[in-house]
Amino acid sequence: MAIKITDECINCGACEPECPNNAIYEGGVEWALSDGTTVKGSYVMMDGSEMDADQRNAPIAVDTYYIVPNKCTECQGFHEEPQCAAVCPVDCCVPDEMYQETVDELMAKKAKLHV
């Protein structure tokens, strides 16, 4: 499952540079699938919808850092554990129960993001 950042976030920014998928953004910042990935052109999202990889999208959160679920692989294929959770000083990077994914699904997502 993807990781989410809870409201307890203190906006320290420790998590953002640790993400190998560039899935973490500062609150209020627009995101794109192509940010920090090799994705180009049309990309099929987890819900089956399609999006252009370079399309700028509205922030998921305004006041705290946030994680884009379609880019989060829980660091599978990169690290032993999610790096955002490992470095978070207030333990606000937790599993997102809305996005239940197996290790195989997370690895497939990693392969799509980093061709």
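Not measured: the values here are computed from a predicted model.

**Q** Before we move on, could you go through the overall build of the chain and cite the residues and values that matter?
**A** When helices and strands are counted, the chain shows 2 helices and 6 strands. Starting at the N terminus, the α and β elements of the chain follow one another as β-β-β-β-β-α-β-α. The C-alpha atoms of the chain give a radius of gyration of 13 Å, which matches the 13 Å a tight globule of 115 residues would have. Counting every position in the chain, which comprises 115 residues, the buried fraction comes to 43%. Taking contacts inside the chain between residues at least 6 apart in sequence as the whole, the part at least 24 apart equals 73%. As presented, the chain carries roughly 6100 Å² of accessible surface, and 50% of it is formed by carbon and sulfur atoms. Measuring between centres, the 7 positive side-chain charges of the chain sit 7 Å from its 21 negative side-chain charges.

**Q** An account of the packing of aromatic side chains is needed here, citing residue identities and associated values.
**A** For the structure shown, the criterion picks out 1 aromatic pair. Geometry around Phe78 places Lys110 over its ring, the cationic atom sitting 4.9 Å from the centre. Across the ring face of Tyr43, the terminal group of Lys112 is positioned such that the distance to the ring centre comes to 4.4 Å.

**Q** How would you sum up the environment of Ile67? Please name residues and give values.
**A** With respect to the secondary-structure elements, Ile67 resides in strand β5 (residues 66-67). In sequence terms Ile67 and Ala2 are 65 residues apart; their C-alpha atoms lie 8.4 Å from each other. Leaving out residues up to four positions away in the same chain, Ile67 has contacts with Ile3, Lys4, Ile5, Ala23, Ile24, Ile60, Cys72 and Cys84.

**Q** Provide a residue-level description of the nonpolar core, including the pertinent values.
**A** In this structure, Ile5, Ile24, Ile67 and Cys84 are the most contacted members of the largest nonpolar core, which totals 15 residues. Core analysis: the next-biggest nonpolar cluster, separate from the first, contains 12 residues, Leu33, Met45, Tyr66 and Val68 among them.

**Q** How would you sum up the side chain of Asp35? Please name residues and give values.
**A** Mapped onto the elements, Asp35 comes out in the loop between β2 (24-25) and β3 (42-44). Reaching out from Asp35, the side chain makes a polar contact with the side chain of Arg56 at a distance of 2.9 Å. Once residues within four sequence positions are removed from consideration, Asp35 is found in contact with Asn21, Asn22, Tyr25, Arg56 and Lys71.

**Q** Run through the pattern of salt bridges, naming residues and quoting values.
**A** This model, assessed by the stated rule, comprises 3 salt bridges. For the salt bridge of Lys4 with Glu97, the shortest nitrogen-to-oxygen distance reads 2.9 Å. With Lys4 in strand β1 (residues 3-5) and Glu97 in the loop between β6 (93-95) and α2 (103-113), this residue pair connects regions lying 93 residues apart in the sequence. For Lys4, a relative accessible area of 26% translates into the label partly exposed.

Thresholds applied
- Counting of residues starts from 1 at the beginning of each chain's written sequence and follows it residue by residue.
- Given that the model is predicted, a residue must reach a pLDDT of at least 70 before its local features are reported, and side-chain atom pairs must reach 80 or more before they are shown or counted; all residues, however, enter totals for whole chains, interfaces and linings.
- Side-chain measures were taken over the full set of non-hydrogen atoms in the model, leaving aside hydrogen atoms and water.
- Helix and strand assignments follow DSSP, with helices taken as H or I runs no shorter than four residues and strands as E runs no shorter than two, numbered in order from the N terminus.
- The size measure is the radius of gyration over C-alpha atoms, and the globule rule it meets is 2.2 Å times the number of residues to the 0.38 power.
- Here the term buried applies to any residue with accessible area under 20% of the maximum for its type, exposed to any over 50%, and partly exposed to those in between, with areas from a 1.4 Å probe on protein chains only.
- Note on contacts: a residue pair qualifies if any of its non-hydrogen atoms lie within 4.5 Å across the two residues.
- For every accessible area listed, the method is Shrake-Rupley and the probe measures 1.4 Å; residues are considered covered only by the protein chains on display.
- The convention is simple: Lys and Arg are positive, Asp and Glu are negative, and His and the chain ends are not counted.
- In this description, the location of a charge corresponds to atom NZ of lysine, CZ of arginine, CG of aspartate or CD of glutamate.
- Pairing of aromatic side chains here covers Phe, Tyr and the six-membered ring of Trp, requires ring centres within 6.5 Å, and sorts the geometry by plane angle: under 30 degrees stacked, over 60 edge-to-face, intermediate tilted.
- Whether a charge sits over a ring comes down to the Lys NZ or Arg CZ being within 6 Å of the ring centre and within 35 degrees of the ring normal.
- By nonpolar core we mean a set of buried residues, namely Ala, Val, Leu, Ile, Met, Phe, Trp, Tyr and Cys, connected to one another through side-chain atoms within 4.5 Å.
- Polar contacts, as used here, are pairs of N or O atoms within 3.5 Å; protein pairs need one atom able to donate a hydrogen and one able to accept it. Residues neighboring in sequence count only if both atoms are side-chain atoms.
- For this analysis, a salt bridge means a side-chain nitrogen from Lys or Arg found within 4 Å of a carboxyl oxygen belonging to Asp or Glu.

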